[in-house]
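Coordinate analysis (summary)
Residues per chain are reported as follows:
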Amino acid sequence: MQTRRFGKTNFDVSVLGFGAAPAAFLNTEPTAAAALVNLMLDAGVNLLDTAAMYPGSEAFIGEHLAHRRDDYILVSKCGTKVSESTAAPWTPQLVADSVERALKLLKTDVIDVMLLHSCDLATLQKGDALAELVKARDAGKIRHVGYSGDNEAAAFAAGLPDVAVIETSINIVDQVNIDTVLPAAGKNDIGVIVKRPIANACWRPKEAFRGFYGNYAKPYIERFDKMNLSPEQLGFAGDDVQEHWPEIAIRFTLSFPEVSTAIIGTTNPANAQANLGYVARGPLPSGAVETLRSAFRAGNTEGKWTGQT
Ligand SMILES: NC(=O)c1ccc[n+]([C@@H]2O[C@H](COP(=O)([O-])OP(=O)(O)OC[C@H]3O[C@@H](n4cnc5c(N)ncnc54)[C@H](OP(=O)(O)O)[C@@H]3O)[C@@H](O)[C@H]2O)c1
């Protein structure tokens, strides 16, 4: 497994990480989910991404994966309401309560990265939620502070001295953060986790989208249709040429040197295995990247295709 520098964190991170959202929201049976994550860890994946708001996800990691805690960089997110705290979203008290809750559920002494989970720019500018994470860092409860989000909020966060990690959406149909967030991240030596890196597999037929993915992936499905590209235009051939989209998608995301890791969400061991093979092939050739960049620009004539949270 290839690794990249994870910004100023001193970690080297695998280019493929595990995004825990689908397993949590689609209620994947825990033993099956644990087998899938273990498969990825055994192959060299070393970053797990969870959040206070992913149902049962922090507890799942604590129960099923804490025994091999040294094998992964642990990333969680907070700031949204949790049932164990009466504090309001984005307040310092809620952040403090969420850090304590996460330590307990994740069965760990320290969380490597804790991100504010997609608050708006005004909340970031107000600063007290982030300051509470800095307090937790200085107390040794978390190692690094960061922000998960997009567009101007993520670009703003990437310029803050206390922020070491940004999680943001970058993929074949979500490219604005490449031009807005990555330059700020590069300048400030920020570790960049890419969420939604395989574009929610938006090329799939409608019936393949389960649960919340039906609505969640809709903007991506529309953009993909409008971009109207074929794998052949990107240098891929074969009898079942549509099969190349997952590879094209993940290799596009990893084509940007500022990107540290791409956290694909999957509930399917066969997809996890396939993704391990795709990332081993490295970035896409520059011509294919440019074709995808041009198709995005041509589709985004009204400037409405902003980074999707
Ligand atoms: N605001 C935030 O902080 C935020 C927002 C969104 C996401 N995230 C994080 O980022 C992670 C990734 O985002 P995401 O899960 O929304 O999107 P994603 O990784 O782009 O797409 C996930 C979807 O792709 C499918 N998939 C994975 N590998 C595939 C393959 N080889 N072939 C075909 N389909 C494949 C999965 O289906 P199967 O289960 O069938 O494999 C799943 O439905 C999340 O899990 C979460 O950790 C954070």
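Here goes a summary of the coordinates provided. (Residues numbered from 1 in each chain as written. Predicted model: local features only at pLDDT ≥ 70, side-chain atom pairs only at ≥ 80, totals over all residues.)

Side note on the pairing of strand E9 (residues 191-195)
- Among the 5 residues of E9, 5 are classified as buried, and the element is accordingly described as predominantly covered.
- Going residue by residue along E9, you find Gly-191, Ile-193 and Lys-195 tucked away on one face and Val-192 and Val-194 tucked away on the opposite face as well.
- Bridge count for strand E8 (residues 163-169) against E9 is 5 bridges, and the pairing is parallel. Across the sheet, the residue bridging to Ile-166 is Val-192, located in E9.
- Between E8 and its parallel partner E9, the chain crosses via helix H8 (residues 176-187), and the hand of that crossover is right-handed.
- Across 2 bridges, the pairing between E9 and strand E10 (residues 261-265) is parallel. Of the residues in E10, the one forming a bridge with Ile-193 is Thr-261. (Buried ≥ 20, exposed ≤ 12 C-beta atoms within 10 Å, placed from the backbone. Helix = DSSP H or I, 4+ residues; strand = E, 2+ residues; numbered from the N terminus. Pairing = 2+ DSSP bridges. Right-handed = clockwise from strand over helix to strand, strands pointing away.)

Points about the environment of Cys-202
- With respect to the element layout, Cys-202 can be found in the loop between E9 and helix H9 (213-216).
- On the basis of neighbour count, Cys-202 is assigned to the buried category, with 24 C-beta atoms found within 10 Å.
- Along the backbone, Cys-202 and Ala-217 are 15 residues apart, and their C-alpha atoms lie at a distance of 6.5 Å.
- Ignoring any residue separated from it by four or fewer positions in sequence, one finds Cys-202 in contact with Val-173, Ala-217, Tyr-220, Ile-221 and Phe-224. (Contact = placed C-beta atoms within 7 Å.)

Considerations on the site of the ligand
- By nearness alone, 29 residues border the ligand, and Gly-19, Ala-21, Lys-195, Ala-201 and Gly-265 come closest of all.
- Counting residues per element, the ones that place at least two in the shell around the ligand are helix H1 (21-25), E10 and helix H12 (269-279).
- Looking at side-chain class alone, the shell around the ligand contains 12 nonpolar, 12 polar and 5 charged residues. (Near = placed C-beta within 6 Å. Nonpolar A, V, L, I, M, F, W, Y, C, P; charged D, E, K, R; others polar.)

Section: the packing of helix H10 (residues 218-227) against helix H13 (residues 286-299)
- Two elements in contact, H10 and H13, have axes whose closest approach is 9 Å; the angle formed by their N-to-C orientations is 105 degrees. In terms of orientation, H10 lies roughly perpendicular with respect to H13. Note on element contacts: H13 touches H10 through Ala-295, Phe-296 and Gly-299, opposite Arg-223, Lys-226 and Met-227.
- Of the residues belonging to the contact of H10 with H13, the class tally is 3 nonpolar, 1 polar and 2 charged. (Axes fitted to C-alpha atoms, helices over the stretch in contact; angles between N-to-C directions. Parallel < 35°, antiparallel > 145°, perpendicular 65-115°, else oblique.)

Quick word on helix H11 (residues 245-253)
- Judged by how many residues are buried, H11 sits mostly within the fold: 8 of 9 residues are covered.
- Within the sequence span of H11, burial applies to Trp-245, Pro-246, Ile-248, Ala-249, Ile-250, Arg-251, Phe-252 and Thr-253.
- Against E9, E10, H12 and H13 lie the buried residues of H11.

Remarks on the pairing of strand E7 (residues 142-148)
- Within E7, 6 of the 7 residues are buried, which leaves the element mostly enclosed by the surrounding structure.
- Note on the crossover from E7 through helix H7 (residues 151-158) to E8: the handedness is right-handed.

What to know about unusual backbone geometry
- The backbone of Asn-27 sits at a positive phi, close to 60 degrees, despite the residue not being glycine.
- By secondary structure assignment, the location of Asn-27 is in the loop between H1 and helix H2 (30-42).
- C-beta crowding within 10 Å serves as the criterion here: with 13 such atoms nearby, Asn-27 is assigned to the partly exposed category.
- We note that Asp-189 has phi near 55 degrees; this positive angle belongs to a residue other than glycine.
- Relative to the assigned elements, Asp-189 resides in the loop between H8 and E9.

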